[in-house]
Amino acid sequence: MTDHRVAPILDIIDRYLAQQPTAFYFPGHRGRVSDLWGEELWRSDLPELPGIEEAIEQAEGLAADLVGAERTWFLTNGATMGIHAMLLAFPGAKVLVGRNCHRATIGGMVLAGTVPVYVATELDPTTGVDLGVSAGALAMALLEHPDAEAVFLVSPNYYGVAGAVQEWVALCHDRGIPLLIDSAHGAHWGFHPDFPPSPLALGADVVVQSSHKTAASLTQTAILHLKSDLVKAQTIEGVLSLLRSTSPSLPLLASLDYSRRLLATEGKQRLAQIVSWSEKLRARLPWLVSFDDPSRLTAIPPGGTGFQLDQWLCQQSPPLIAELPTLEHLVFALGLGTVEEDSDRLLQLLQEYPCPAKKVRVAPFNFATVEQPTLTPRQAYFSAAEIVSAKEAIGRISRTVICPYPPGIPVILPGEVIKQETIEYLAQVIAAGGIVQGWQGGIAVLAE
Ligand SMILES: Cc1ncc(COP(=O)(O)O)c(C=O)c1O
């Protein structure tokens, strides 16, 4: 049995620092220039220590062992980097992509020259939450596109919805093509029976997780897992070498090592606490729901918008900051570092919320029907463009992604004709206090 109490990258840093070496190397700060964030962080920011390659390999091996992957890579540019790597592994290929993909997917397709076929998703009529691509929709898309070389889908989504992963796996593997999964929100899945198994355990070929979101590593770290007969480790290694800095940060890598150790040794117990707090919150507040992931709570305020509730919580002293405000919802993420006091305060504030009486009725934006753009993301992105006002953009072709952020799901795709109702929806988001990326200062459309 593997000993998961060790953490090879943390150990190598500790051993090195214990020698109190005299430093004539990069980084220039030498761990001395600032005590901002404590001296230890700066002191741990070290160059390529002797043996570090082996320590990283060992740490990635432990992370692979923990989830049963054939190979695991530590990433220092977020799940974004893993998504780009997955798509670059299929350069120029036709790929079936869930329409609810994150904007990082579009970036990956610009880089890889992917020819996407977007697959429509389903909306939960009761909560207005996106439920992802149904098995039926994927089966139909695979029938219509027998030349697709891979399928790229999201599980779980921002709301903690798992989707039909088992069916997706069967459909893809029947066709002999790999299933690539953006599991940015699922680094903690599979570590407690009340959470779904990770898509990797269900047979997905390549899975990326933002460990910084739901495990315990530092922001900008992520993990890419491979377990596949259809995608080769050398292919992924090759594309990662294009994307990876030649000077990856040791504190970032060490935090991934730490996060794996925490999940292995304390994950189940911490997740059990989260489950009990989540159950208590939902029992007391009927307008708080969770889907497949008990750590992801979606408030559906009986009145007003999700933005209004968010703003009110931010104005409290001390403020309470949620994860994702939308017109209809406010999503809270309980994490491995959440303590009972946090959960109690959330309950207290939500009980005290002076909820507006009137429900703001908005048609939730949905991807139940998808019009395929005539240009690929790469063609659109590298076309000559001009910046026009939102009004002038109607009827023109978008050069880039336009989306509320968070969640970063493109409402308008590159290469897509911009519709009046979409602009109206985005204007509503901005008026309610949301941020729309790709809109500030005008909208980039293809030159006529
Ligand atoms: C579904 C999804 N995929 C990918 C990403 C990008 O992850 P990262 O910020 O780790 O690069 C996000 C970020 O919010 C996301 O929500």
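The model shown is predicted, which means the values in this text are computed figures rather than measured ones.

Chemist: For this particular structure, what's the right way to read the pairing of strand β13 (residues 330–333)?
Modeler: Regular strands have side chains that alternate between both faces of the sheet. One ladder, built from 4 bridges, connects strand β11 (residues 296–299) with β13; its direction is antiparallel. Looking across to β13, one finds that R296 is bridged to A333. Bridge count between strand β12 (residues 324–325) and β13: 2 bridges; the pairing is antiparallel. For L324, the partnering residue across the bridge sits in β13 and is V331. Joining the antiparallel neighbours β12 and β13 is a turn of 4 residues.

Chemist: Can you help me understand the environment of E416 in this one?
Modeler: In this structure, E416 sits in the loop between β15 (403–404) and α15 (420–431). By relative accessible area, which is 14% here, E416 ends up buried. Sequence separation between E416 and R399 is 17 residues; the distance between their C-alpha atoms is 8.1 Å. With sequence-adjacent residues up to four places away left out, E416 is seen in contact with R99, P373, R396, I397, S398 and V411.

Chemist: Is there a simple way to think about the domain arrangement of the chain in this case?
Modeler: Accessible area lost upon the coming together of the parts is a frequently used measure of interface size. The domains assigned to the chain are domain 1 (56–251), domain 2 (267–352) and domain 3 (377–446). On a C-alpha basis, the centres of domain 1 and domain 2 stand 27 Å from each other. With 22 residues of domain 1 at the contact, the number on the domain 2 side is 20 residues. Counting each side, the surface lost to burial between domain 1 and domain 2 is near 1,800 Å², with a carbon and sulfur contribution of 64%. Three residues, Y158, Y159 and F195, lead the burial of domain 1 against domain 2; their summed loss comes to 36% of the area buried on that side. Seen at the junction of domain 1 and domain 2, the total is 0 salt bridges. Where domain 1 packs against domain 2, one counts 11 residue pairs in polar contact (both at pLDDT 80 or more).

Chemist: What's the story with the packing of aromatic side chains in this structure? I'm lost.
Modeler: Applying the stated criterion across every chain, the model contains 4 aromatic pairs. On the basis of an interplanar angle of 70 degrees and a centroid distance of 5.6 Å, the ring pair of F365 and F367 is categorised as edge-to-face. Using a relative accessible area of 25% as the deciding quantity, one classes F365 as partly exposed. One aromatic cluster in this structure is built from F365, F367 and Y425.

Parameters at a glance
- Here the residue index of a chain counts from 1 through its sequence in written order.
- It should be noted that, the model being predicted, local features are given only for residues of pLDDT at least 70 and side-chain atom pairs only at 80 or more, the latter also being counted only at that level, while totals for whole chains, interfaces and linings use all residues.
- Heavy atoms from the whole structure form the basis of all side-chain values; hydrogens and water molecules are not counted.
- In this description, strands pair whenever DSSP reports at least two bridges between them.
- Numbering goes from the N terminus for both helices and strands, where a helix is a DSSP run of H or I of at least four residues and a strand is a run of E of at least two.
- Partly exposed residues are those whose accessible area sits between 20% and 50% of the maximum for their type, while under 20% is buried and over 50% is exposed, using a 1.4 Å probe and protein chains only.
- Note on definitions: a residue-residue contact is assigned when non-hydrogen atoms from the two residues lie within 4.5 Å.
- Note that domain bounds follow an automatic or database assignment of domains.
- By convention, the term buried area covers the 1.4 Å-probe accessible surface removed from two parts as they join, with the contributions of both added.
- By convention in these notes, a salt bridge is any Lys or Arg side-chain nitrogen within 4 Å of a carboxyl oxygen on Asp or Glu.
- We call two N or O atoms a polar contact when they sit within 3.5 Å, provided that within protein one can donate a hydrogen and the other can accept it, with sequence-adjacent residues counted only if both atoms are side-chain atoms.
- Note on aromatic pairs: the rings of Phe, Tyr and Trp (six-membered ring only in Trp) are paired at centre separations within 6.5 Å, and the planes decide the class, stacked below 30 degrees, edge-to-face beyond 60, tilted for the rest.

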